[in-house]
Structure formats: C-alpha cells, structure tokens
Amino acid sequence: MQQRADNIGSEGDDEASARVAQVVFNLSLDKGFDYAIPPALRGQLRAGSRVRVSFGHSERSGFVVSVSAKSRHPGRLKPILALEKQNEQIPSQLLGLAEWLARYYCCPKEHAVRALMPAVVRSGAMKHKQLFFVSLTLRAANFGEDFAALTEKQQQVIQHLHRQGAQPLQELQSEVGVSATVINTLCKHGWLHKEKRVVSRDPFHDDLIQPDSPRELTTDQEAALERINASQDAKDAQVFLLHGVTASGKTEVYLQAIHHCLEHGRDAIVLVPEISLTPQTCDRFRRRFGNLVSVLHSGLSDGERFDEWTRINEGRSRIAVGARSALFAPFRKLGLIVVDEEHENSYKQEDSPRYNARDVAVLRGKLEQACVVLGSATPSLESYYNCEIGRYALVELPERVDASAMPAVELIDMAEEAALAGQAQLFSKRLKELILDRLHKAEQIMLLLNRRGYATQLLCPQCGYVATCDNCSCAYTYHRKAAQLICHLCGVQLAAPEKCPQCASKEIRYTGVGTEKIEGILRALYPQATIARMDSDTMTSKDSYKTVLDAFRAGRIHILVGTQMIAKGLDFPNVTLVGVIQADSQLHLPDFRSGERTFQLITQVAGRAGRGDCAGHVVVQTYTPYHFALQAAIKHDFKAFYAEEMPGRRMLDFPPCSRMVIVHFRSQEEALAAATAEKFHQDVLPLLEPAVQIIGPMPAPLSKVKTYYRFQLQLRGGSILKLVALLRPLVVGRSFPKGVDVYLDVDPRNLM
Ligand code: ADP
Ligand code: ZN
Ligand code: ZN
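Remember, predicted model here, so these are calculated numbers, not experimental data.

(A) Here's a closer look at the overall build of the chain. Helix and strand content of the chain: 22 helices and 31 strands. For 752 residues, the compact-globule estimate of 2.2 N^0.38 gives 27 Å, and the chain sits close to it at 29 Å. Seen through its principal axes, the chain has C-alpha atoms that stretch 95 × 70 × 60 Å. The contacts of the chain with a sequence gap of at least 6 include a subset with a gap of at least 24, amounting to 74%. Accessible surface, the chain: about 32600 Å² in total, of which carbon and sulfur atoms supply 51%. Between the mean site of the 90 positive side-chain charges and the mean site of the 84 negative ones, the chain shows a separation of 5 Å.

This is the structure in structure tokens:
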C-alpha cells in the first residue's frame, strides 16, 4: 500500500534526480500519496503532471504536486503507471503561482495546487459528453439512385439533413418527428452515417442572446482605455485601479480592453464577485464575444464546469468570466485580468488556501506580463493606498456615461422620528410618503436591510433571558414563517418556544428586525403592491435569483426588499427610489473596516437608483446621521471618505498603513485553545522585531462557532513577507495538541 505523504508543504527536490512523486486525487482525501517514479519516466515528471496510478483496487489519475529524492515513509512504493497527455498538465506558470500562494498565504503546497483546478477536473473521473451525430453519405447528398423509392418519412429525414447539416440523433428525431428505427434503417442501407462526437455541455442552456457592438467611448473612457491598452502593448504588467462612479461605463472599458487583448493574440480573465451577478455580467461579455466566452462559477453542474475548463485549456475559448476561482483559468497566453468590484470581500477565500483573488490576480499579472485592471465605484482602501504610493496607476471615470445626475440622497435621523412619534419607528414618514408616490407613478422601489429573518432576538422581559445557540456565541434569529429559531452561524433550527424556557413567562418578546418582518409590514401598509424579498432564505435554488430579477425587470414586482444581495451591480432603469432601513447596522461592529463597509454598502445601493431616464432618490435612515462614512456616502464622495478614514488607520497602524496576519486557534475545548494560543504567543515573542505589534491572544469576537472555541493572535507589521516568513515555521508542519486547529489568515478581511 502506498504511504501517506504528510509534509507536502515542504519543498520538492530536483526533478531529474527525483525518484518519488507525491500525487493527489480528488476523492475528498485531503492528502497526497507517494509513488515511485519508474526509470522510464525519470526527468519527465514534474509538479503539475497528470499521471495514472493504481490506487486500492483500481486505477486512477491524479496530479503530481511535488517530487523528491526519497519517500518520507518506509516500505515499498507502487510505481507510477503512465504519464497522461500533455495538455492535461497544469500550465507551468500556474505552478509558479501555486508556489507563491503557498508561501504567501502560509498553507501546504498541496492546498495551493488543489486551488488551481476545479475538483471535477482534478478527479479525472469526468468524461467528455458524446452524442451520436447523423450526417448524409455521398449517396444521400446526391439524392442518389432509388431515392424516390424511399418512404415519405425517410425522404423527409434526408431533406432535413440537407438543410441542417449533420445533427445529433435525438435532435434529428424530434425535429423531423421520426423514430430511431427510421434513421437506423437509413444508416444500414448506406444513406446516412452515424458517429459519436464529443460535444461541450452548454452552461447557458441554449439561452440565446443578441450580439452587440462596441460603443463610442466618452472622453474619460477613451483616456482610460488608452492607458490600459498602452500597458498591454508594453507588457509591463501594470496594475490599474479604475475608479468610476456607478454607471460610469467601467464595463464598456473592460470590454474594449479585452477586444484589444484578443486582437493581439492573448487571452483575458474577468473576475466578478457574486454568483448572483454572474448571469447578467456574463451576458454582456457573451453579447460582445459570443462563444469565445467561458464561464466558471459555482452555479455550474460538474459536467458544465469540466467542459468549460477544458475549452479554456484547449484554447477553444479566449475569455474566462467567473468568480474567484476563474483566476486560475489555464490560459497560456494571458494578456489581461479584470477584477470587477475589487473591494468585495467575497474575493477572499475563507478556507485554505485563504487567498484574496484580487491580490493573486496582481501576482499572476506579474508572472505572465499581463495587465491587471481593478474596477470599483468604492475602491478598497488598500487599492487606493497602493495608487497613492505609486504601486498601482489610478484611472478615474468621475461621471455617469449619460451625464445623468447621481441620485439625491437624504439622511433621515431616526432618533428624531422616534421623538416625534413617541416610539421607535421602522419607516420614517418621509420614506412612507415616497414609497406611496412611486407606487402611484408605477415606478419601482428597492429597500435594503442587511439582516435576514424576522426578529434578531428572543427576549424575556421578566427574567432577561435571551435565546442563544448552544453551539455558538450568538443569539438565535426568529423566522416567523417557519416559526423557528435559527442560528445564522451554524444553521441549527428549533421550534420557537411559546413561553420563556427559563421562567415560563408567556410574555416573551421578539426584538430587532430582519427582512422578513419588513416584508410583512410592507404588505400590510401597501396591500396594492407586489412585494418580493431577496435574501439567502428566499434565494434557495440556482434559479431563484433569475426568477426574482426577471420579474422585477419586467415590472411584475413593485417593491424588492433584500439584504446586501440587492445592493450590488444590479441595473434596473425603472428603480427611482432606494431606501436603506438601518444604515448603522454594521457601523458598530468590532472591526476596523466597519466604516469602510458602511460607506461601500450605502454608496453601492444608492447607485441602484435612477439609472434610467427618471431621476433617482435615496433615503437613508440612521441613528448616526453625523457619521462621516454616511456623510461621504450621501455625496458619493469616495475621496472625502478616504481623507477622513486614513488618519485613523495611520494613527492606530491598521491596514493599509500596516499589514496584518491573524493566527487562529480553534478547539472544542476552550482551555486547550487558550493554552495553545498562549504557548504560541510565548514562542513568537522573542522572534519579533520591535516594530511588529502583537495583540492577544484573546477570544475572537465570535468566541464560539459550531461548537468550536476560537482564540486569535493578531500581528501587524510593515512587511507581510517578513511576518509570514517568521510565522511559517511555527505553523506549517508543526504538531499541536490533539484537537486544536492552528492556522494563519494573511491579509484577513474578516476579523470575527
Ligand atoms: P459601470 O460598469 O461603471 O456601472 P456600465 O459599463 O454598466 O457602467 O455602463 C452603464 C450603462 O451605460 C450601460 O447600460 C452601458 O451599456 C452604457 N454605456 C457605457 N458606455 C457607454 C458609451 N460610451 N456610450 C453609450 N452608452 C454607454
Ligand atoms: Zn423569562
Ligand atoms: Zn449556532
């Protein structure tokens, strides 16, 4: 039996002298296995090669992740049986990227190599889809001898193929309305020819789209494009931050930059943050570039993903559009990478390798001399700072394409509303008036509340009991329709109690609001309106986004209520009112980016209003109207926000003014996690330069999730590479007490 290769994170050896290869399979075995390299294959195998080996009682294909002179395990190794075809290898540039990924994000090399390829490709188990194609033989092509003697049905089949050309058997059957027997008989008598052909599964499900052509650019767009194209021509791997307000025409700039890229024989990758956006975004690229576009996102079936990846790998498509993992599309002549909405947290992967696709895009650009364009209306402070220090080039689109005004944004002080009404209000008078007005005018409304569920807490006023999850340090959210208490961290669900579990009082109360409650109130207030809700409770299937968004676009929905899901990238011309129910909901979280997130969310959602001919109006309800993040957001003024936010970051030495690493300790035993963290702290202290700040160990803000206690140690310093180099030996390949997980999060986006 082959042996487990534990330490794949350590470096591989010279390929020529290598005698042992570490091979990974899909199999959801999170480990690699050692195999002997037979003499015939010596010097030919390298990390990235796809090989055939025997595994258990069967043969499988797997990928070599590293090679070494000898095995770390005693005993005889099975040999590698064969090297599989060349184009199934991982491109060598990508292996370089994986090396870097493992080093920078401090993870085993095996995890990094894994990230390069969809699981379905790694597994080697997926087959190409084959269909029987039917075509005419020469005899039929010439309506040869005895044609007239054929039955009417048989003649129809041949005439149909004359018009259509070769066709899959089943399609032919249904289009002509004949059975397989008719066709098989024609084959037997030499009229038709039947053969198996490989076809690609269509991720668009035959959803045809109208082609479009490039638009004449505005002066600002033109200037942006020129700089990007000049950099593509120079192959100088420049990184651009394209800062353009919502609807300033960033996407049109991407499209034309891609056109330039293709014309010069190079390929392009477009990263988009959310699966919900992907259909809409994909369509714009498909309209311009047709079937040169491949998509890679989590909404695909395994077969579709396999085929899309293969199309890229074989050079049959030239543009990959997709979420995070599309960054690893196996192009060999990459010219351009676009990262749309670069500030989005979803670019950061939360499992190992914990990489940020935006930052890795910059590196891939460097390795392959490709130009990188990061686009956003609300850039991350990191990217803007990189422009300030000259690492990235700033390109701006300060105006909307059609010169339409940015929507007017009104802040409503909810404390004042409460004082006037004598109690706290969910909807201000102003917002209610405007909703009614828009309904009368048959214009559409979007309302944002960044919390799902009905009530955010179950509280007993008699004894002070708050229902909290046993597995996690958080309160249950009440979902009324399901009559359940649900933990949003671990998903546990229980029936909502009728009386207080602690003192049996029947006066239990539900406090705090979620989208479900807002939806209910709206239905009561505006019975004439059609209302839909979009949050992760209602968006349960692959098609639910499309269904809701199509209905909204067609005007069948008047009011769309949702979480941040509705804030991003959507473009509905008839939306003239956007309301933010509680703009402060994120502002007081224990995270130095809470102001930045609030600014981004409000600015983005405000950008949804007034994209058509009617002017947009935005109402933002808040208890802290004076907060500068809100003040800047209502003016759509990123620079003002940046100018106010940066001095605080500088003073407290938070990113982007420093670089951060968090060491996480997780265990089901609280004391064990705490002790491991404390020991780690003692080990690391003597190694630190004086300029490095270290905070903790301390319980994480969410101190328990899914039965695991969480502790963390936060380090900040001037150089991320130095920090990681110092921490790596303390983490990778080191053993910790059983039952404790220890890992690094480099450039964390989530501090909780
Ligand atoms: P952004 O990506 O900045 O939000 P888009 O590229 O989506 O902006 O542009 C907003 C709208 O303006 C889209 O409908 C787009 O087709 C249109 N548009 C973009 N550039 C031009 C142009 N130069 N001339 C006319 N319409 C344009
Ligand atoms: Zn009670
Ligand atoms: Zn829980």
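(B) Geometry of the coordination of the zinc ion (ligand 2). Only Cys 460 (SG), Cys 463 (SG), Cys 500 (SG) and Cys 503 (SG) from the protein reach the zinc ion (ligand 2) as donors, at distances of 2.2 to 2.4 Å. Classification of the site at the zinc ion (ligand 2) rests on its four donor atoms, whose angles at the metal span 107 to 111°, yielding the label tetrahedral.

(C) Highlighting the sheet that holds strand β20 (residues 477-479). Pairing is antiparallel across the open sheet formed by three strands, whose spatial order is β20-β21-β22. Pairing within the sheet leaves two strands with one partner each, and these edge strands are β20 and β22 (493-495). Direction aside, the axes of adjacent strands within the sheet are offset by 30° on average.

(D) Structural detail: helix α12 (residues 357-367). With respect to burial, α12 is a largely interior element, nine of its eleven residues being buried. Tucked inside the fold, the buried residues of α12 contact α1 (92-104), β10 (239-244), β11 (267-271), β14 (334-340), β15 (371-376) and α13 (381-388). Two or three places before Arg 358, at the opening of α12, Asn 356 has a side-chain oxygen 2.9 Å from that residue's backbone nitrogen.

(E) View of the domain arrangement of the chain. Each assigned domain of the chain is listed here: domain 1 (15-91), domain 2 (129-199), domain 3 (219-403), domain 4 (408-454 + 513-643) and domain 5 (660-746). Once you take the C-alpha centre of each, domain 2 and domain 3 turn out to be 45 Å apart.

(F) Quick look at the site of ligand 1. Around ligand 1 there are 15 residues in total, and Glu 216, Gln 221, Lys 250, Thr 251 and Arg 284 lie nearest to it. Within the side chain of Arg 215, an N or O atom sits 3.3 Å from an oxygen atom of ligand 1. Residue Glu 216 places a main-chain N or O atom 2.7 Å away from a nitrogen atom belonging to ligand 1. Take the shell around ligand 1: its biggest share by element is three residues, from helix α9 (residues 250-263). Split into classes, the residues belonging to the shell around ligand 1 amount to four nonpolar, five polar and six charged.

Parameters and conventions
- Residues numbered from 1 in each chain as written.
- Chains lettered and ligands numbered in written order.
- Predicted model: local features only at pLDDT ≥ 70, side-chain atom pairs only at ≥ 80, totals over all residues.
- Heavy atoms only, no water.
- Helix = DSSP H or I, 4+ residues; strand = E, 2+ residues; numbered from the N terminus.
- Rg over C-alpha atoms; globule rule 2.2 N^0.38 Å.
- Contact = heavy atoms within 4.5 Å.
- Areas by Shrake-Rupley, 256 points an atom, 1.4 Å probe, with all protein chains shown as cover.
- Lys, Arg positive; Asp, Glu negative; His and termini not counted.
- Charge placed at Lys NZ, Arg CZ, Asp CG, Glu CD.
- Donors = N, O, S within 2.8 Å, 3.2 Å for Na, K, Ca; no water.
- Tetrahedral: all angles 85-135°; square planar, octahedral: opposite > 155°, others 65-115°.
- Pairing = 2+ DSSP bridges.
- Axes fitted to C-alpha atoms, helices over the stretch in contact; angles between N-to-C directions.
- Buried < 20%, exposed > 50% of the residue type's maximum accessible area, 1.4 Å probe, protein only.
- Polar contact = N/O pair within 3.5 Å; in protein donor to acceptor, adjacent residues only side chain to side chain.
- Domains from an automatic or database assignment.
- Near = heavy atom within 4 Å.
- Nonpolar A, V, L, I, M, F, W, Y, C, P; charged D, E, K, R; others polar.

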